[in-house]
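Letter by letter, the chains look like this.
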Amino acid sequence: MTPVEIALSFVISYVAGIVPTGWFCNHKSMTEKLELCFKRAVNKWTNNPDTQNAVGEQMGKYLTQLKDFIAHKPVGRHPRENNLLRLWAEEILNDTECNTFLLEYEHQIMALKLEEGCIIAKEILEETNNIKVQIDQLRNRGITKSSVYWEQWASGPNRIKLNTSILLAGREKEKQKVIESCNAPCCLYVEATSTKEAIAFVVAAIISESDALAERAVVATNNETYKDIVENSNGMIFITDIQENAHYVVSRGHTIILCVCPSDKNNEACTIHLPILDRDGFISSLVGSGVNEAKARSLAIDSARDISVLRNLLEFTDKTPVWQTTGNIRLIIPALLLGEWHEEWQGDKDLVELITGKNYNNYIEEITPLLFTDEAPLIRIGKIWKIKSPFDLLRQLGSYITSSHLDRFAEVVEWVLQDDDPDAEDKMNEKGLR
């Protein structure tokens, strides 16, 4: 802020009753001057007489907003309101009496602002320390500071430490939306292939942006503790998968970022869907984490750039995915052995029936829910069904593959290799197909 903007901000604080009035005892006309400037601004802002009269009498409502506007605080105002505040500020600075007063008392006002700023800074520091103490007390009860969460999530064996860019590559727009949501109380949904990835993405976005945001951000996993800290803190950023009355959390002055996977309920109007990670950025981030480039390129292929799969391949310690029940493992193994198939090609559908021993439609009905589970092993792209990362899934489920599975797989291989076109060789030797 310029000195004049600082002085103007102080005068507005005085008129709004935020600072003591004694210092301005000889300048009571300042309120009247600000009112005249406000009405002139309103008349420029709108040509509608009714609106001019109605808004022109509401200077008090806009005083604190003008102070924030001058201080460039992003408080989420409507563009039309910003336009009115800009016009009002211009009117004040262009008014001869106001401008003379501000310039005359510039140094005294700045001294008072400095004193006021020190008091505010002390209050902010005390509030920050209080928040830190609360978080430290609640850490073992399901509340984790964003920086601590990241250290735990990103640290792996052999001294591997993942960079935040591993989750942000190609997701710059999504990161910006997360940061914008932190500037004012609101609710935002972030959907990824797994809840864990969504949480890690939000944490990475925040801690890579600024320490100030990171200090306010916590990951909440315990419902009761979450409720306690919502009631007893101010201006927090909650990153959680607990979907319980998010609107109340916002009404208490907090930002809540709900992390979900495709099977979870969400509010589509305020949901970010994370795209697949950028290949070059993914490889570059792994190299920056100490993985040699050849290995990084191999991991990009084997993991299909899926963070959950990558962490499995790097042998990070994680719980078994929730979808890996005995019944689901039986369902997924035939799909794992096939790798992929096209749902409109009859030959592919016959192969699915051969290896599963089931009617194609019945099998699809049984396996479809696995598309929407947390850390889903299966994906469908258009008409193609495929295992997300055959290498990783085979490593996880290899011990579950039985001789019966292999016998069926051998039948599939034999069927595929059968030559049912006696003229195939002649066709391949034709000039047009050489």
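Structural notes, computed from the coordinates. (Residues numbered from 1 in each chain as written. Predicted model: local features only at pLDDT ≥ 70, side-chain atom pairs only at ≥ 80, totals over all residues. Heavy atoms only, no water.)

## So, the nonpolar core
Under the convention used in this document: Definition of nonpolar core: a set of buried residues of the types Ala, Val, Leu, Ile, Met, Phe, Trp, Tyr and Cys, connected through side-chain atoms within 4.5 Å. Relative accessible area decides the class of each residue, using a 1.4 Å probe on protein chains only: under 20% of the type maximum gives buried, over 50% gives exposed, and in between gives partly exposed. Strands here mean DSSP runs of E at least two residues long; helices mean DSSP runs of H or I at least four residues long; both are numbered from the N terminus. Contact definition: two residues touch when any of their heavy atoms are within 4.5 Å.
Formed by 47 residues in total, the largest nonpolar core has its most connected members in Trp153, Val178, Val190 and Ile206. A per-element tally of this core places helix α11 (residues 195-207) first, with 9 residues. In this view, Trp153 contacts Leu162, Ile166, Leu167, Lys196, Ala200, Ile307, Arg311 and Phe316; residues no more than four positions away in its chain are not counted. One finds Trp323, Trp341, Tyr360 and Ile387 within the second-largest nonpolar core, a separate group that totals 26 residues.

## Topic: the sheet that holds strand β8 (residues 378-381)
The test is simple: Should DSSP find at least two bridges between two strands, the strands are taken to pair. Every axis corresponds to a line fitted to the C-alpha atoms, with the helix fit spanning only the stretch in contact, and the corresponding angles, defined between N-to-C directions, vary from 0 to 180 degrees.
With antiparallel pairing, 3 strands are arranged side by side in an open sheet as β7-β9-β8. The strands lining the two open edges of the sheet, one partner per strand, are β7 (340-342) and β8. In this sheet, adjacent strand axes meet at a mean angle of 15 degrees when their direction is disregarded. The pairing of β8 with strand β9 (residues 384-387) spans 4 bridges and is antiparallel. Bridge pairing links Leu378 to Ile387 in β9.

## Description of unusual backbone geometry
The backbone of Ala304 sits at a positive phi, close to 55 degrees, despite the residue not being glycine. Position of Ala304 among the secondary structure elements: in the loop between α16 (293-302) and α17 (307-313).

## Brief notes about the layout of surface pockets
What counts, and what does not: As defined here, a cavity is a set of points on a 1 Å grid over the protein atoms alone where a 1.4 Å probe fits but cannot get out. A pocket is an open set with protein on both sides within 12 Å along at least five of seven lines, and residues line them when an atom is within 4 Å of a point. Grid points are joined across faces, edges and corners, and a volume is the space filled by probe spheres set on the points.
As a volume, the largest pocket reaches approximately 600 Å³. Forming the walls of the largest pocket are 25 residues, and the residues nearest its centre are Thr193, Asp306, Leu378, Ile379 and Lys388. When contributions to the lining of the largest pocket are tallied by element, the ones reaching two or more residues are β8 and β9. Top element by residues in the lining of the largest pocket is β8. It accounts for 4 residues.

## Quick notes on the packing of aromatic side chains
The condition that has to hold: When the centres of two rings from Phe, Tyr and Trp lie within 6.5 Å, Trp using its six-membered ring, the rings pair. Their planes under 30 degrees apart give stacked, over 60 give edge-to-face, and anything left gives tilted.
A full pass over the atoms with the stated rule returns 3 aromatic pairs. Taking the centre distance of 5.9 Å and the plane angle of 5 degrees together, the rings of Trp341 and Trp385 count as stacked. Separated by 44 residues along the polypeptide, Trp341 in strand β7 and Trp385 in strand β9 bring together distant segments of the chain. Assessed through its relative accessible area of 3%, Trp341 is described here as buried. The class of Trp385 is buried, set by a relative accessible area of 1%.

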